[in-house]
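# Structural overview for review
Next come the chains, spelled out residue by residue.
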Amino acid sequence: MVLVVALVAGWLVSGAASVPAASPPASVGWVGTWASVPTATPAVATPVVDDETVRQVVHVSVGGDSVRLRLTNEFGRTALRIGEVRLARRAGTSGTDIVASTDRGITFGGRRSVSVPAGAPIVSDPVRLRVPADGDLVVSVYLPERTPVTSMHNFAIQENVVAAGNVAGERAVVADRTITAWYFLSSVSVRTADRGAVVALGDSITNGFETDLNANHRWPDLYADRSRSAVLNLGVAGNRLLHDPNPPPGSDAESFAAFFGDSALRRFDRDVLAQSGVSDVIVLLGVNDLGHPGTTAPESETVTAEEIIGAHRQLVVRAHAAGLRIHGATILPFKGDTLGFHTPENEAKRQAVNRWLRTSGTYDTVVDLDVALRDPADPLRLRPAYDSGDHLHPNDAGMAAIAEAIPLTLG
């Protein structure tokens, strides 16, 4: 039996009582404060940097007194040569200028220049820097030689810049070009006494697709503000539970599908279990498993509701095995979407998955985002006030509604 609790701003379904409780973090320890999902890049859309500095802004959730970075060459086929990495607090609330007094050189095993093996990430040495909660950091990575950007997050919803030469330590740089991606950077951790981090595991809705550029209006950002807790956004546009990117040969999707990232089942260990100080996971996935076959994936990858449910069960088992609490979110309505996802068959599957989420008790709790964001006049559609216009992705107001629907105390 499950209990439905009406919240002021949302809906929560309580799950099974016999789930393992997560251990509280140490009084002071390392906790993730920002993260992104690294992906491969399409052969026809792989950026290149050459004797250039990539200056990247990250918006942290909680603060601390020391910082560690994780960079990645996980999709590279050759070693990644990094000439220098520097970290500083951002000056102001726009652009990439830094507060010069906060500039810190980052080392890896005591070295400022490092070679990252193909297929591997690298974690930096700790550096002392007081980081405020809900603040911005600037990470500057100098790449001294011609370097294909084979490991990146393409949907940053944040403007970053690439500048000529090694200007990693400069207060301000002259941009050769502006990018809305994060190159080779996958997480930031801080030393803090704050409680454990919440991982938001999801697709484009979690990633913040269709929200305002540079505004940090993704729902994980807004939930971090509301809960004053560490929240890590491990959402990536186009992501599926069960399948990796597989664009049909000759289709337009060959130029972008690689950015969708490995399936959630494949990336769970890296994107959830490898994060620092995690206590909880919120899962919002499944709409792309329904919609991609026949659009950006072959029809042969059509899945049943039972297969989607089976994938959710696996995420729960793996989280509980690691001592984490895990919370499921119902799939949002998408009738009339402009991508061609909605069909009577897909709607029936969505309803079946959501019914299972609400009633099975498998997840520790379930946040009913379907109820929170659907149109009362047509429950198969997004509420117009929350619709970005494509009838699939919530707008900034919809992101705020998601953040409000998630309880402040998980578990």
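Quick summary incoming for the structure in this document. Everything numeric here is computed off the predicted structure, so don't read it as measured data. Each chain carries its own residue numbering, running from 1 in the written order of its sequence. In view of the model being predicted, local features appear only for residues whose pLDDT reaches at least 70, and side-chain atom pairs are presented and counted only at 80 or more, with totals across whole chains, interfaces and linings using the full set of residues. Side-chain metrics rest on all non-hydrogen atoms present in the structure, leaving aside hydrogens and water.

### A word on the overall build of the protein chain
Helix and strand assignments follow DSSP, with helices taken as H or I runs no shorter than four residues and strands as E runs no shorter than two, numbered in order from the N terminus. In terms of regular secondary structure, the protein chain is built from eight helices and 26 strands. Oriented by its inertia axes, the alpha-carbon framework of the protein chain measures out at about 55 × 55 × 35 Å. Burial here depends on accessible area, computed with a 1.4 Å probe over protein chains only, as a share of the maximum for the residue type. Under 20% is buried, over 50% is exposed, and the range in between is partly exposed. The burial tally for the protein chain puts 58% of its 411 residues in the buried class. Should any heavy atoms of two residues lie within 4.5 Å, those residues are counted as being in contact. At a minimum sequence separation of 6, the contacts of the protein chain that also span at least 24 residues come to 80%. A positive count includes Lys and Arg, and a negative count includes Asp and Glu. His and the chain ends are not counted in either. For this purpose, a charge sits on NZ of Lys, CZ of Arg, CG of Asp or CD of Glu. Counting 36 positive and 45 negative side-chain charges, the protein chain places the centres of these two groups 7 Å from one another.

### Brief notes about the packing of aromatic side chains
Between 30 and 60 degrees the pair is tilted, below 30 it is stacked and above 60 it is edge-to-face, where a pair is any two Phe, Tyr or Trp rings, Trp via its six-membered ring, whose centres lie within 6.5 Å. Tallied over the entire structure, the rule returns four aromatic pairs. Criterion for a charge above a ring: Lys NZ or Arg CZ within 6 Å of the ring centre, and within 35 degrees of the ring normal. Seen from the ring of tryptophan 30, arginine 68 lies directly overhead, with NZ or CZ sitting 4.3 Å from the centre.

### Some points on empty space enclosed by the protein
In this analysis the probe radius is 1.4 Å and the grid spacing 1 Å, with only protein atoms considered; a cavity is a set of points the probe fits into but cannot get out of, a pocket is an open set with protein on both sides within 12 Å along at least five of seven lines, and lining residues have an atom within 4 Å of a point. Grid points are joined across faces, edges and corners, and a volume is the space filled by probe spheres set on the points. Going through the model one piece at a time under the given rule, you end up with three cavities of 30 Å³ or more. Put simply, the largest cavity is a space of about 210 Å³. For the largest cavity, the lining is made up of 25 residues, of which Trp34, Ala35, Arg218, Asp221 and Asn233 are closest to its centre. Those elements giving two or more residues to the lining of the largest cavity turn out to be strand S3 (29–35), strand S5 (52–59), helix H2 (219–227) and strand S21 (231–235). Contributing to the lining of the second largest cavity are Asp203, Ile205, Leu284, Leu285, Gly286, Val287, Ile331, Leu332, Pro333, Phe334 and Leu392. The class makeup of the residues in the lining of the second largest cavity is nine nonpolar, one polar and one charged. Throughout this entry, Asp, Glu, Lys and Arg are counted as charged residues, while Ala, Val, Leu, Ile, Met, Phe, Trp, Tyr, Cys and Pro are counted as nonpolar. The remaining residues, Gly among them, count as polar.

### Here's the deal with helix H6 (residues 344–359)
Given 3.6 residues to a turn, an α-helix orients residues that are three or four positions apart in the same direction. Here H6 contains 16 residues, and its C-alpha end-to-end distance of 23 Å stays within 8% of the 22 Å for a straight helix at 1.5 Å per residue. For H6, every residue scored as buried is listed here: Asn346, Glu347, Lys349, Arg350, Ala352, Val353, Asn354, Trp356, Leu357 and Arg358. Two residues or fewer after H6 comes glycine 361, characterised by a positive phi angle close to 75°. Expected span, for any helix, means 1.5 Å times one less than how many residues it has.

### Describing helix H8 (residues 396–405)
Of all ten residues in H8, seven are buried; the element is thus mostly enclosed. What H8 keeps buried is the set Asp396, Gly398, Met399, Ala401, Ile402, Ala403 and Ala405. One side-chain oxygen of the residue at the start of H8 lies 3.1 Å from the amide nitrogen of alanine 397, identifying that residue as asparagine 395. Counted as a polar contact is a pair of N or O atoms within 3.5 Å, where, for protein atoms, one must be capable of donating a hydrogen and the other of accepting one, and residues adjacent in sequence contribute only when both atoms are in side chains.

### Brief notes about the sheet that holds strand S9 (residues 104–105)
Whether two strands pair comes down to DSSP finding at least two bridges between them. Judged by pairing direction, the sheet is antiparallel, and its six strands sit side by side in the order S9-S8-S13-S5-S16-S17 without closing on themselves. Because the sheet does not close on itself, it has two edges, and the strands there are S9 and strand S17 (177–179).

### Here we look at the packing of H2 against H8
Only the stretch in contact is used when a helix axis is fitted, and all axes are lines through C-alpha atoms; the angle between N-to-C directions ranges over 0 to 180 degrees. In contact at an axis separation of 8 Å, H2 and H8 are set at 45° when each is read in the N-to-C sense. In this view, H2 runs oblique relative to H8, as classed from their interaxial angle. Considering only the axes of H2 and H8, their crossing is right-handed. Taking contact as the criterion, the partners of Trp219, Leu222, Tyr223 and Arg226 in H2 are, on H8, Met399, Ala400, Ile402, Ala403 and Glu404. In what follows, roughly perpendicular refers to angles from 65 to 115 degrees, roughly parallel to angles under 35, roughly antiparallel to angles over 145, and oblique to any angle outside these ranges. By definition, any crossing whose near helix is turned counterclockwise from its far helix by less than a right angle is left-handed, and any crossing with a clockwise turn is right-handed.

### Thoughts on the pairing of strand S6 (residues 64–72)
Most of S6 is tucked away, with eight of its nine residues classed as buried. Sheet analysis places S6 next to strand S12 (residues 127–131), joined by three bridges and oriented antiparallel. Residue glycine 64 lies in a different strand from S12, and its bridge partner there is valine 131. Where S6 meets strand S19 (residues 185–192), five bridges bridge the pair, whose relative direction is antiparallel. Following the sheet pairing, valine 67 is matched in S19 by valine 190. Where S6 and strand S11 (residues 121–123) come together, three bridges link them in antiparallel fashion. From the neighbouring strand, threonine 72 faces S11, where its bridge partner is proline 121.

### Some thoughts on unusual backbone geometry
Residue aspartate 51 is not a glycine yet carries a positive backbone phi of 50°. Residue placement: aspartate 51 occurs in the loop between strand S4 (48–49) and S5. For aspartate 51, a relative accessible area of 35% translates into the label partly exposed. Of note in this structure, phenylalanine 184 is not a glycine but carries a positive phi near 60°.

### Brief notes about the environment of proline 379
Tracing the backbone through its elements, the reader meets proline 379 in strand S26 (residues 378–382). Among the residues examined, proline 379 registers a relative accessible area of 37% and is labelled partly exposed. Apart from residues no more than four positions distant in its own chain, proline 379 is found in contact with Pro333, Arg350, Asp370 and Arg374.

### Overview of the pattern of salt bridges
The working definition used for a salt bridge is a side-chain nitrogen of Lys or Arg within 4 Å of a carboxyl oxygen of Asp or Glu. Inspection of every chain in the model, using the stated rule, returns 25 salt bridges. Across the pair arginine 90 and aspartate 136 runs a salt bridge, and its minimum N-O distance is 2.6 Å. Here aspartate 136 lies in strand S13 (residues 136–143) and arginine 90 lies in the loop between strand S8 (84–89) and S9, a separation of 46 residues in the sequence. Judged by relative accessible area, which is 10%, arginine 90 ranks as buried. Exposure remark for aspartate 136: the relative accessible area of 16% places this residue in the buried category. The partner of lysine 335 in a salt bridge is aspartate 378, and the shortest N-O contact between them spans 3.2 Å. Placement of the pair is lysine 335 in the loop between strand S23 (325–329) and H6 and aspartate 378 in strand S26, with a sequence separation of 43 residues. Judged by relative accessible area, which is 19%, aspartate 378 ranks as buried. Each member of the salt-bridge network shares a partner with another, and the members are Glu347, Arg350, Arg358, Asp368, Asp370 and Arg374.

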